[in-house]
Amino acid sequence: MSNANSVNPPVEQEPTEFDRKAPISAAQVRVIEDGTTTLPGQERFVASVEDIPMQGIDQVDEAAPASSMWAQAWRRLRRNPLFIVSSILIVIILLMALFPGLFAHQNPTACSLNDSIAGPRAGHPFGFDLQGCDIYARVVYGTRTSVSIGILTTIAVVIVGGLIGAIAGYFGGLVDSLLSRLIDIFYAVPLLLGAIVLLQMFHDDSNIWKIVITLTLFSWVSMARITRSAVLSAKNLEFNTASTALGSSRMRNLFKHVLPNSLAPMIVTATMSLGSYIVAEATLDFLGVGLQGNVVSWGVDISNAQSQLTSAPMILFYPSVALAITVLAFIMLGDCVQDALDPTGELR
Amino acid sequence: MSAKHNDGFDPRRNVTIHKDAVAPDWDADTNDNIPTEDLAPLLEVTDLSVDFTGEKGRAIHAVDKASFTVYPGQWVAIVGESGSGKSTSAMSVLGLLPGTGHVTGGSIKFNEQELVGMGEKDYERLRGRYIGLVPQDPMSNLNPVWRIGTQIEESLKANHMDVAREKRNALSKSLQEADVKVRRTDDELFIGSQDIDDLVRTTQEALASSHIENAQGKMRKLRHEWVVGSETRWAVAQSLIREGLDEETAWKIAKNHVTGSSMKDRVAGLLDEAGLPDAATRARQYPGEFSGGMRQRALIAMGLASRPDLLIADEPTSALDVTVQKKILDHLQEMTDTLGTAVLFITHDLGLAAERAQYIVVMYRGHVVESGPSLEVLQHPQHPYTQRLVKAAPSLASQRMISAYEEGAQDADAGLAHKQKAADAIANGQAVIEVQHLVKKFKLPHQKEMFRAVDDVSFSVKKGMTLAIVGESGSGKSTVANMVLHLLKQDSGKILYNGVDTSTFNSKDLLNFRRHVQPVFQNPYGSLDPMYSIYRSIEEPLRIHKIGTKESRLKRVKELLDMVELPESVMNRHPGELSGGQRQRIAIARAMALDPDVIIADEAVSALDVLVQDEVLRLLNDLQAQRGLSYLFITHDLAVVRQIADEVVVMEHGKMVEHGTTDEIFEHPEKDYTRELLDAIPGGKLSLGVDL
């Protein structure tokens with residue numbers, strides 16, 4: 001086109017194999033649009049009833065097994081090989097934490113300087129540390145400290161964070177604004193920094209609760225946020241209105257309908273963060289603000305072993321590996337739970 | 001120059017017009033003279049089978065040996081219940097099967113070209129340019145972060161199809177049997193916004209100099225027709241000739257002043273064609289600023305942007321109000337008639353199929369059970385499934401359902417008896433729920449004035465009777481229901497329950513009120529807690545009101561399940577395992593658990609398939625006859641109202657438009673709005689299943 005004004009010159013469309021091959025006449029078009037003539041291939045067709053048996057309208061398939069959301073999640077979980085690996089590991093770890101005597105026959109605190117940095121020998125497979133304590137026994141007994149701090153912190157975080165998040169999300173308005181600002185404030189404080197400052201004050205205490213409380217104080221916020229958003233979406237679902245119209249109270253709705261429907265993301269977050277609490281505890285020990293002195297803990301052992309890193313690296317190696325395996329097991333479990341509870345990946 | 005357009009170039013490259021073949025009088029009887037044997041279908045699907053791979057690699061047959069044909073310019077409907085494979089069949093034409101779906105057999109021929117087994121690259125060339133799609137859900141099919149205009153532009157660019165419209169006119173011209181010869185490229189030029197003023201001025205001068213009568217009126221008409229970015233040079237010339245200008249002048253004007261449009265003009269033109277007024281502004285808006293109907297129009301504009309030969313519309317208007325649906329479909333029909341586009345539309349609405357389609361395909365569990373000319377199939381259904389479907393489809397011709405419990409010797413007698421009883425009750429009956437001058441105002445964002453969602457509504461529900469509130473979305477009908485249920489507080493007005501003002505209730509009274517007035521909500525997927533087993537769901541009201549012991553509650557749940565015709569075994573199941581209709585039954589059982597006096601059903605059957613809807617309505621009706629329940633029935637579906645209601649309140653924009661008995665409203669509607677609603681019901685005037 002020679003026309004200068006044309007903003008978009010027409011594009012020649014190359015004919016393709018999809019273009020109409022046989023010509024169509026005006027008369028034919030009229031016949032089609034008219035609709036009264038049956039065209040070839042559009043004759044009346046009725047399938048025989050025998051071929052396609054009729055079923056009752058909207059019948060319940062009683063053959064299929066009944067299953068709840070939890071049952072379905074459990075079925076998916078069971079099939080996941082990662083779940084089997086992680087749960088075997090976790091069972092062993094839990095046994096170690098509950099009954100360390102089953103695994104190690106030495107006393108972890110009975111140390112003799114004669115054995116300082118001694119190599120492995122019969123009955124002492126991992127050898128001895130600087131103080132002459134049996135490393136194997138210390139690794140086994142250290143499980144209890146790490147795991148109990150991890151589990152206790154998780155429980156505390158779920159209760160505190162879950163409750164605050166649920167209240168903020170469910171009641172909304174001013175309550176939500178206030179609680180959300182509180183969440184924001186805590187969110188602004190880095191976990192480690194906050195923990196170091198706070199734990200300085202309880203320097204000599206060797207009680208695991210100080211760690212649990214500190215970790216909870218600085219990590220409930222993420223749980224609160226997740227619960228809040230889950231509650232926000234669950235509270236607007238119609239079954240709450242239905243339940244209110246049946247005569248249910250607001251609080252009853254929160255605990256009977258909204259919270260159970262918000263549990264899945266909470267559970268996933270809880271299992272995923274359990275490992276990180278164990279790491280945080282070990283880090284605090286390592287930094288010298290966590291558990292001190294005669295408490296058997298991986299973090300303390302790692303901290304003590306760092307001075308012999310060049311001469312006897314294995315002293316540091318064993319507790320570190322134990323820590324890594326434990327954390328890995330819990331994070332893998334969290335992953336599996338997430339896949340099982342949320343097969344479509346919506347929570348992510 | 002002016003001679004050039006007559007130089008014998010025929011734009012209808014592949015269209016030959018057999019003028020002689022046209023019989024002089026154009027009646028259906030003479031159609032036999034027209035050779036249809038050599039007419040090749042546009043789309044020919046033969047023995048199509050589609051499988052989905054389920055758990056553990058098990059094949060699920062979604063479509064089994066389905067065959068149907070679409071001719072150019074024809075409307076073809078596929079009907080069936082959810083899960084019948086109707087969408088799957090249509091989507092396999094586009095090569096857009098979701099998830100694990102794959103074609104396992106049969107052939108799909110488009111213009112004699114086999115599509116099965118074609119590569120993704122070929123499909124990309126096919127989609128848009130040859131086959132357009134109008135998807136089902138207008139809410140999720142537009143990208144919320146892009147302007148509407150950008151999204152339409154994208155659909156043009158994707159097909160390298162800025163302006164081509166040649167195919168459109170090939171058919172439309174053969175329709176008009178016009179004998180105009182134009183240069184082909186001329187036909188792809190649209191009026192541009194830069195030219196329109198000149199075009200109008202020149203035309204005015206030309207009209208004046210040719211001494212044409214009523215030039216002003218004609219000019220106004222032309223100005224209205226000439227939509228920037230939508231009208232072509234050819235169309236402009238034609239309209240000028242029509243208005244009395246000689247051919248040479250007309251073409252001169254058209255050639256000088258229709259010189260092509262920018263993409264922006266084109267997008268606005270497309271939106272205008274789809275019936276969105278003020279298209280240029282609309283194009284700059286985001287999907288969030290559009291209502292459902294407007295989004296659907298935008299999607300239609302996108303589907304038709306590249307002038308496809310075939311448009312696949314998957315429930316294009318199911319989510320919309322009937323009046324909006326009618327407008328959109330009328331417009332779509334107008335557009336496809338001028339464009340010569342064939343439409344393959346999927347619907348569950350038999351009336352719609354009967355009204356719009358020339359050919360219908362009925363699918364059931366993946367099979368085509370019946371197909372043929374749509375009216376013939378729907379008026380004389382032969383396959384038992386089609387018969388069942390037609391029987392269950394509510395229409396304006398249907399009558400008030402009469403429960404088997406009050407049926408006398410004959411249906412007709414029972415109908416009359418019920419009518420008599422209803423008339424008595426409406427005239428003298430005792431009101432269970434009485435609503436007086438109800439008003440509810442909401443605060444809208446960015447607006448000073450309060451929005452009156454419900455504006456002075458009064459009615460009363462008589463004991464044992466059904467009152468239906470009908471209206472389109474936004475009419476305030478659900479707000480009324482929520483206020484009656486005491487879930488929302490009214491701003492003014494009174495709601496009386498058995499003569500007592502509900503606003504004076506203390507918490508004990510309210511609990512008692514809740515016990516006697518029960519809701520059934522619209523969404524069967526949302527109104528049951530997915531964590532609760534069916535047993536716990538039905539038992540919940542008993543627990544809340546602390547009724548009975550564990551054993552007696554179990555007995556009651558069993559009774560209730562029996563009442564709604566579900567097996568006891570569903571007790572241990574969870575809502576996720578049941579279909580929509582089954583869940584709605586559970587919701588009804590839950591509502592019935594406390595032996596209420598009044599049930600407030602908010603769109604209780606709207607989300608259900610025709611057959612299931614029919615069953616649930618029957619159940620509700622039987623329960624009413626057995627237990628003397630009163631219903632407040634909120635719905636947008638007038639056909640359902642006809643079947644179940646004794647009294648009707650029509651609402652529009654929060655106001656009560658009309659109030660009367662069902663027969664009065666349906667037979668002698670007084671207000672225009674009511675008439676409009678009745679007219680908009682698809683296939684309302686057609687009587688289906690005449691020999692059932």
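Residues numbered from 1 in each chain as written. Chains lettered and ligands numbered in written order. Predicted model: local features only at pLDDT ≥ 70, side-chain atom pairs only at ≥ 80, totals over all residues.

Caption draft 1: Quick peek at the overall build of chain A. Helix and strand content of chain A: 11 helices and one strand. Scaling as 2.2 N^0.38, a compact globule of 348 residues should have a C-alpha radius of gyration of about 20 Å, whereas chain A reaches 33 Å, well beyond that. If one aligns the C-alpha atoms of chain A with their principal axes, the spans along those axes are about 110 × 70 × 55 Å. Split into buried and exposed, the 348 residues of chain A put 40% on the buried side. (Helix = DSSP H or I, 4+ residues; strand = E, 2+ residues; numbered from the N terminus. Rg over C-alpha atoms; globule rule 2.2 N^0.38 Å. Buried ≥ 20, exposed ≤ 12 C-beta atoms within 10 Å, placed from the backbone.)

Caption draft 2: Main features of the UniProt feature "transmembrane region" (unreviewed entry) in chain A. All names here are of chain A. Mapped onto the present numbering, the UniProt feature "transmembrane region" (unreviewed entry) falls on residues 82–103, 149–173, 185–202, 208–226, 258–280 and 315–333. Taken end to end, residues 258–280 has its terminal C-alpha atoms 32 Å apart, with 100% of it in helix and 0% in strand. Here residues 315–333 is 100% helix and 0% strand, with 28 Å between the C-alpha atoms at its ends. (UniProt positions renumbered as here; feature names shortened; annotations may be inferred.)

Caption draft 3: Summary view of the pairing of strand β13 (residues 466–470) of chain B. All names here are of chain B. Counting buried positions along β13 yields five of five residues, so the element is predominantly enclosed. Burial along β13 is two-sided: the face carrying Thr466, Ala468 and Val470 and the face carrying Leu467 and Ile469 are both buried. Strand direction decides the pairing type here: β13 and strand β19 (residues 647–652), joined by four bridges, are parallel. The residue bridging leucine 467 from the neighbouring strand is glutamate 647, located in β19. (Pairing = 2+ DSSP bridges.)

Caption draft 4: Summary view of the sheet that holds strand β7 (residues 310–314) of chain B. The strand order β1(A)-β10(B)-β9(B)-β3(B)-β8(B)-β7(B)-β6(B) describes an open sheet built from seven strands, whose pairing is mixed. Two strands lie at the open edges of the sheet, namely β1 (45–46) of chain A together with β6 (131–134) of chain B, each paired on one side alone. Pairing of β1 of chain A with strand β10 (residues 367–373) of chain B involves two bridges; the strand directions are antiparallel. Looking at β10 of chain B, one finds that phenylalanine 45 of chain A is bridged to serine 371 of chain B.

Caption draft 5: Layout of the sheet that holds strand β4 (residues 102–110) of chain B. Residues and elements named next belong to chain B. The strand order across the open sheet formed by four strands is β2-β1-β4-β5, and the pairing between neighbours is antiparallel. The open sheet has two free edges, formed respectively by β2 (59–70) and β5 (113–114), since each of these has just one partner strand. Pairing geometry for β4 and β5, over two bridges, is antiparallel. Looking at the pairing, lysine 109 lines up with glutamate 114 of β5. Most of the contacts of helix α1 (residues 86–94) go to strand β1 (residues 43–53), to which it runs at about 110 degrees, and overall it touches β1, β2 and β4. (Contact = placed C-beta atoms within 7 Å. Axes fitted to C-alpha atoms, helices over the stretch in contact; angles between N-to-C directions.)

Caption draft 6: The packing of helix α5 (residues 196–209) of chain B against helix α8 (residues 247–257) of chain B, seen in detail. Residue and element names in this part refer to chain B. As a packed pair, α5 and α8 sit with axes 10 Å apart at the nearest point and diverge in direction by 160 degrees. One way to sum up the angle between α5 and α8 is to call them roughly antiparallel. Classified by chirality, the crossing of α8 by α5 is right-handed. Two secondary-structure elements touch here, α5 through Asp198, Leu199, Thr202, Thr203 and Ala206 and α8 through Thr249, Ile253 and His257. (Parallel < 35°, antiparallel > 145°, perpendicular 65-115°, else oblique. Left-handed = near helix turned anticlockwise from the far one by under 90°.)

Caption draft 7: Highlighting the confidence of the model for chain B. Residue and element names in this part refer to chain B. Per-residue confidence for chain B gives a mean pLDDT of 80; residues scoring 70 or more make up 85%. Low pLDDT, under 50, characterises residues 1–32; the predicted model gives this stretch 53 contacts beyond four residues in sequence or across chains. The model gives residues 162–169 a pLDDT under 50, and that stretch makes 31 contacts with residues more than four places away or in other chains. Taken together, the chains of this predicted complex give a pTM of 0.75 and an interface ipTM of 0.74. (pLDDT = per-residue confidence, 0-100.)

Caption draft 8: Broad picture of the UniProt feature "domain: ABC transporter" (unreviewed entry) in chain B. UniProt's entry tags residues 43–390 and 433–678 of chain B with the feature "domain: ABC transporter" (unreviewed entry), counted in the numbering of this structure. Taken end to end, residues 433–678 of chain B is 38% helix and 26% strand, and its two terminal C-alpha atoms sit 27 Å from one another.

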